[in-house]
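Examination of the molecular architecture
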Amino acid sequence: MTTTEGRKETVRAFPAEWQGRWSAAHTRIDQAGYGDLMASAYRSAGPIIAARSGPAEAIRLGESVSLTAIRAGRRAACLLVGAALHAAEAARHPSELASWLELIDDIARRAPKVLSAFLQNSSQVLGILGFAGLAVFARMGLDLGRDDARRLAFFSLQSPEARQLLERQHPSTSLPGLLPGLKPYLRALWGISPPIAETPGDAPEAMRRRAGFGGGGIRLPPSYAGFSASDQKQLHRATLAHIGAHHCFTSKQFLAKGLKPLQLALVSLIEDARVERLAVREMPGLFALWRSFHVARPEGAPVAITLMARLARALLDPSYDDPHGWVSKGRALFEEAAAVDIGSQQLSRHIGGLLGNDIGQMRLQFDAKSYVVQPAYRDDGMGLWDFGDDNPEVPYQMQAPAEGARLEQRDSDDGRHEPDPIPDDSSGRAAMVEASEDVAVARYPEFDYVTGRERPDWCTVHEPAVPMASPAALHRAIEQRADLANRLTAIIRSSKVSRQQRVRRQAEGEFLDMDAAIEAVIARRSGQMPEDRLYGRYERRHRDLAVLVLIDTSASTGERVSGRSETVLETERLAVAMLARAMTELGDPFALAAFSSNTRDNIGYQRIKDFAGRYDAAAEGRLAGLQSHHSTRLGAVIRHAGKDLKRQLSYRRLLLIITDGEPHDIDVDDRRYLVEDARAAVHGLRNDGIDVFSIVLDSDAESYAPRIFRRRNCVQLKSIETLPEKLPGLLLRLAV
């Protein structure tokens, strides 16, 4: 652009009343000492931004450039100008660019060391998330704490949190949005309903690119990179159809001992083709579904991985013609063996071994570390192999997928060994991650009220062991309040929480009992005395209620209750012990757990008694052993407890939370943030038909408890003596 053209453009972009302000803005940048490159970039970008978003935003950019240059350096300031041009082009309204500039200023003040990384990826993130999503992205990164390395990994799109946020922004095309439809699809196709989970965000890259199965579950990537939004749903369907074929036709795992990675890959390829051939015989429509994702061409370079993709297509598609001798040989061997007995898995083992030797003879290189199964819908193949328990030669990239699909299991404190199925709900999805020292962990999202969105996999819940202590003091306290315990038992016994039943043949009632009425008419016409009990009514005759009690053990519960000698935790413990004894005596299903938190990465959930366990001396010992420490991050433990309650089949399911204070944690400065997250968690459980009530031991509870639980679903308790007064009202609310 010539100087004259540049002046004309500037005149068009900045009307006369803005000329002076624009001149002052770029003169300030010129004379600030940021260098000619910076000054020239701003002078060039200003008129463009003024034309797109208005002269005010072009001048406003100068303020951000100055702030960025001072706080984050000249390089970041230069990146800012380029990123601002993209942002101005994407903005549908000048206010969006203004908000974007405010965001830049905020990052420059709070985390200047990561601003360059943010600006380098701003256009990419903006293109995926939009302006509102970009604000969510920036807030998540800034809230990672003062760890600049962690923030830098996030804004460089290298961290699992950043990748997951980008991958989940299209609910209609990513796994969380598709999962509700995929499960019925798999069940309808193959009659199986294994747990399906998303690949953890911190899994190795190879594991995140392909599906896997093993341990009774299926692992799917959140989305398939490089495929359009319209292809994502079909690709996930093709994947499940393929894994379902393995479930039906791969009867046992192959022994991996003694085989090289190339042979493992080729045997897996032949086995993939074998089960697909069998599946297409039963359901011919699957051919078109799978065929659409085979894109290998005969003109591809004759290297190992492309030849394998070409062979995969040749074994599925009879119309595909490939002149390469290795592909032709593979196809001929497969067709010959299939004609004899395609039901035999040894076919795959034999042909894969032969073809592997041929690759070696051709001196073609195969890099197992970079190999990714083709086409994209096929699983990583690790579920087909038995590597043995102590095989030191198993490559990590081969072992990791198999481990990732394995369902976590844990030994309960009651000695039971129960599977922990991978959660399958999209709203409260919990990604099971590696356990350590028999402590199961799960990740949950956290709701950010500022942006109105969830931060995926933001919180990690651990289940540490509960220290044991003698319950003698607890026994003495209950004995001293025997009358109170008896009243509690009587109150719970009298509550009828169940489905209403029709009680017929009543003298009075809510509806006419037609059977009784017809019999009465017949009796009268036959000259007999008719029955006068012609009505019916609805009654709740028993309890059908499952209760999970969550006990807050944050540090504040170690303080004394106002005006009393007991601590808050001792009060909580006594109340829970009385409830537990009453429910045990009445045979109601219930579970007990305690919680505290020490940042979002370490949220403790201590199981005292599970639904299937007994309230025995061991459970009492765990209850007595609870200790006060750390903080109160409520939302994640509500979601974690909700997982257990969702498995209960009772008519009503109740989560009862006993807490002493407002949700808080040391890594959150905004008091409202955790309150709103807890409120969102409660709302999520209610959508699943779970009632959430809270007993709050806090004089300031009026400020937050109704916001989280609703006013009618929380009661404030000053001392244990008032529990019988509050409990009837709580149970009455359940009964209506």
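In what follows, the structure referred to is the one given above.
Residues numbered from 1 in each chain as written. Predicted model: local features only at pLDDT ≥ 70, side-chain atom pairs only at ≥ 80, totals over all residues. Heavy atoms only, no water.

**Some points on the overall build of the chain**
Quick reminder of the rule: By definition, any uninterrupted DSSP run of H or I lasting at least four residues is a helix, any uninterrupted run of E lasting at least two residues is a strand, and each is numbered from the N terminus. Residue contacts follow a heavy-atom distance rule, with two residues in contact if any of their heavy atoms lie within 4.5 Å. What sets the accessible areas is the Shrake-Rupley method with a 1.4 Å probe; for residues, cover comes only from the shown protein chains.
Within the chain one finds 27 helices and 19 strands. In the chain, the share of contacts with a sequence separation of at least 24, taken over all contacts with a separation of at least 6, comes to 68%. Taken as a whole, the chain presents about 33,000 Å² of accessible surface, with 50% of it coming from carbon and sulfur.

**Things to note about helix α4 (residues 55-72)**
Note the threshold: A helix is expected to span 1.5 Å for every residue after the first. Note on classification: 1.4 Å probe, protein chains only; a residue is buried when its accessible area is under 20% of the maximum for its type, exposed when over 50%, partly exposed between these limits.
Here α4 spans 25 Å end to end across 18 residues, near enough to the 26 Å set by a 1.5 Å rise per residue. Most of α4 sits inside the fold, with 13 of its 18 residues counted as buried. At the C-terminal side of α4, Gly 73 shows a positive phi close to 105°.

**Let's talk about the environment of Ser 95**
Tracing the sequence through the fold places Ser 95 in helix α6 (residues 94-110). On the accessibility criterion, Ser 95 (38% relative accessible area) is partly exposed. Sequence separation between Ser 95 and Ser 53 is 42 residues, and the spatial gap between their C-alpha atoms is 8.5 Å.

**Remarks on the sheet that holds strand β11 (residues 501-506)**
Selection rule: Any two strands between which DSSP finds at least two bridges are classified as paired. Each axis is a line fitted through C-alpha atoms, taken for helices only over the stretch in contact, and angles between the N-to-C directions span 0 to 180 degrees.
Read from one edge to the other, the open sheet built from 3 strands follows the order β11-β13-β12, with strand pairing classed as antiparallel. The strands lining the two open edges of the sheet, one partner per strand, are β11 and β12 (511-512). Strand contacts of helix α21 (residues 514-525): β11 and β12, with the helix running at about 20° to β11, the strand carrying the most contacts.

**Focus: the pairing of strand β14 (residues 545-552)**
A large share of β14 lies buried, amounting to 8 of its 8 residues. Here β14 shows no split at all, with Leu 545, Val 547, Val 549 and Ile 551 on one side and Ala 546, Leu 548, Leu 550 and Asp 552 on the other all buried. Note: β14 against strand β17 (residues 652-659), 7 bridges, orientation parallel. When the sheet's bridge partners are listed, Leu 545 is paired in β17 with Arg 652. Sheet topology note: the β14/strand β15 (residues 590-597) ladder contains 6 bridges and is parallel. Bridging across to β15, Leu 550 finds its partner in Ala 593.

**A few points about helix α25 (residues 671-687)**
For α25, with 17 residues, the first-to-last C-alpha span of 26 Å sits near the 24 Å given by 1.5 Å per residue. Along α25, the positions that sit buried rather than exposed are Tyr 673, Leu 674, Val 675, Glu 676, Asp 677, Ala 678, Ala 681, Val 682 and Leu 685. With its phi angle positive at about 80°, Gly 689 sits one or two positions after the end of α25.

**A closer look at the side chain of Lys 609**
Counted only if it meets this: Within 3.5 Å is the distance limit for a polar contact, defined as a pair of N or O atoms, with the added protein rule that one can donate a hydrogen and the other accept it, and that residues adjacent in sequence qualify only through two side-chain atoms.
Mapping Lys 609 onto the fold places it in strand β16 (residues 603-609). A relative accessible area of 5% means that Lys 609 is categorised as buried. Only 3.1 Å separates the side chain of Lys 609 from the backbone oxygen of Gly 613, close enough to count as a polar contact. Once you skip the residues sitting within four places of it in the chain, Lys 609 turns out to touch Phe 590, Ala 591, Leu 592, Arg 614, Tyr 615 and Ala 619.

**Some words on the sheet that holds strand β3 (residues 217-220)**
Taken in spatial order, the 3 strands of this open sheet run β1-β3-β2, and their pairing is mixed. Of all strands in the sheet, those with a lone pairing partner are β1 (196-198) and β2 (212-214), marking the two edges. Within this sheet the neighbouring strands show an average axis-to-axis angle of 25°, counted without direction. Across 3 bridges, β2 lies against β3 in antiparallel orientation. What sits directly across from Gly 212, in β3, is Arg 219.

**Digging into the packing of aromatic side chains**
Operational definition: Aromatic pairs are defined between Phe, Tyr and Trp rings, using the six-membered ring for Trp, whenever the two ring centres lie within 6.5 Å; interplanar angles under 30 degrees are classed as stacked, those over 60 as edge-to-face, and all others as tilted. Should the NZ of a Lys or the CZ of an Arg lie within 6 Å of a ring centre and within 35 degrees of the ring normal, that charge is described as sitting over the ring.
Counting across every chain of the model gives 13 aromatic pairs. Between Trp 22 and Tyr 42, the aromatic rings sit 5.2 Å apart at their centres with planes inclined by 50°, giving tilted as the arrangement. Here Tyr 42 lies in helix α3 (residues 36-53) and Trp 22 lies in helix α2 (residues 16-30), a separation of 20 residues in the sequence. With respect to burial, Trp 22 and Tyr 42 carry one shared label: buried. The ring of Trp 458 carries Arg 455 above its face, with NZ or CZ at 5.0 Å from the centroid. Taking the ring centre of Phe 590 as reference, the NZ or CZ of Lys 609 above it sits at 4.2 Å.

**Structural notes on unusual backbone geometry**
Geometrically, the link from Gln 374 to Pro 375 is a cis peptide bond, its omega value of 0° lying close to zero. Structurally, the position occupied by Pro 375 is in the loop between α17 (346-361) and β5 (385-386). With a phi angle near 80°, Arg 710 is a residue other than glycine that sits in the positive phi range. Within the secondary structure, Arg 710 sits in the loop between α26 (705-709) and β19 (714-716). A relative accessible area of 47% places Arg 710 in the partly exposed class.

**A short note on the packing of helix α24 (residues 634-646) against α25**
Keep this limit in mind: Relative orientations are named as follows: roughly parallel for angles under 35 degrees, roughly antiparallel for angles over 145 degrees, roughly perpendicular for angles from 65 to 115 degrees, and oblique for any other angle. Working rule for handedness: look at the near helix, and if it is turned counterclockwise from the far one by less than a right angle, call the crossing left-handed; if clockwise, right-handed.
Where α24 contacts α25, the two axes come as close as 8 Å, and the packing angle between them is 15°. Taken together, the axes of α24 and α25 lie roughly parallel to each other. Every pair of crossing elements has a handedness; the one defined by α24 and α25 is right-handed. Contacts between α24 and α25 involve Leu 634, Gly 635, Ala 636, Ile 638, Arg 639, Gly 642 and Lys 646 on the former and, on the latter, Asp 677, Ala 678, Ala 680, Ala 681, Val 682 and Leu 685.

**Topic: the nonpolar core**
Rules: Residues grouped as a nonpolar core are buried Ala, Val, Leu, Ile, Met, Phe, Trp, Tyr and Cys residues, joined through side-chain atoms within 4.5 Å.
Ranked by internal contacts, the top residues of the largest apolar core, which has 95 residues, are Trp 100, Phe 118, Phe 137, Leu 550 and Leu 655. Counting residues per element, this core draws most heavily on helix α7 (residues 115-142), which supplies 14 residues. In this view, Phe 137 contacts Phe 118, Val 125, Leu 129, Phe 154, Phe 155, Leu 157, Ala 162 and Leu 165; residues no more than four positions away in its chain are not counted. One finds Leu 178, Leu 189, Leu 286 and Tyr 377 within the second-largest nonpolar core, a separate group that totals 44 residues.

**Some words on the pattern of salt bridges**
Spelled out, the test is: By definition here, a salt bridge exists when the distance from a side-chain nitrogen of Lys or Arg to a carboxyl oxygen of Asp or Glu is within 4 Å.
In this structure the tally under the stated criterion is 33 salt bridges. The salt bridge involving Asp 448 is made with Arg 455; its shortest N-O contact spans 3.0 Å. In this structure, Arg 600 engages Asp 601 in a salt bridge whose closest nitrogen and oxygen atoms are separated by 3.8 Å. Its relative accessible area of 5% is what places Arg 600 among the buried residues.

**Regarding a nonpolar patch on the surface**
Note the following rule: Residues with no salt bridge and a relative accessible area higher than 30% make up the patches, which join like charges within 9 Å and nonpolar side chains (Val, Leu, Ile, Met, Phe, Trp, Tyr) within 5 Å.
Nonpolar side chains collect at one region of the surface, where Leu 512, Met 514, Ile 518, Ile 522 and Tyr 535 lie side by side and expose about 490 Å² of accessible area between them. Counting residues per element, the nonpolar patch draws most heavily on α21, which supplies 3 residues. Assignment of secondary structure puts Leu 512 in strand β12. Looking at Leu 512, the relative accessible area reads 44%, which means it is partly exposed.

**Remarks on the environment of Phe 709**
Mapped onto the elements of the fold, Phe 709 is located in helix α26. Residue Phe 709 is classed as buried on the basis of its relative accessible area of 1%. For Phe 709 and Ala 680, which are 29 residues apart along the polypeptide, the C-alpha to C-alpha distance reads 9.8 Å. Sequence-distant contacts of Phe 709, that is, excluding residues within four places in its chain, are made with Leu 634, Ile 657, Val 682, Arg 686, Val 692, Ser 694 and Cys 714.

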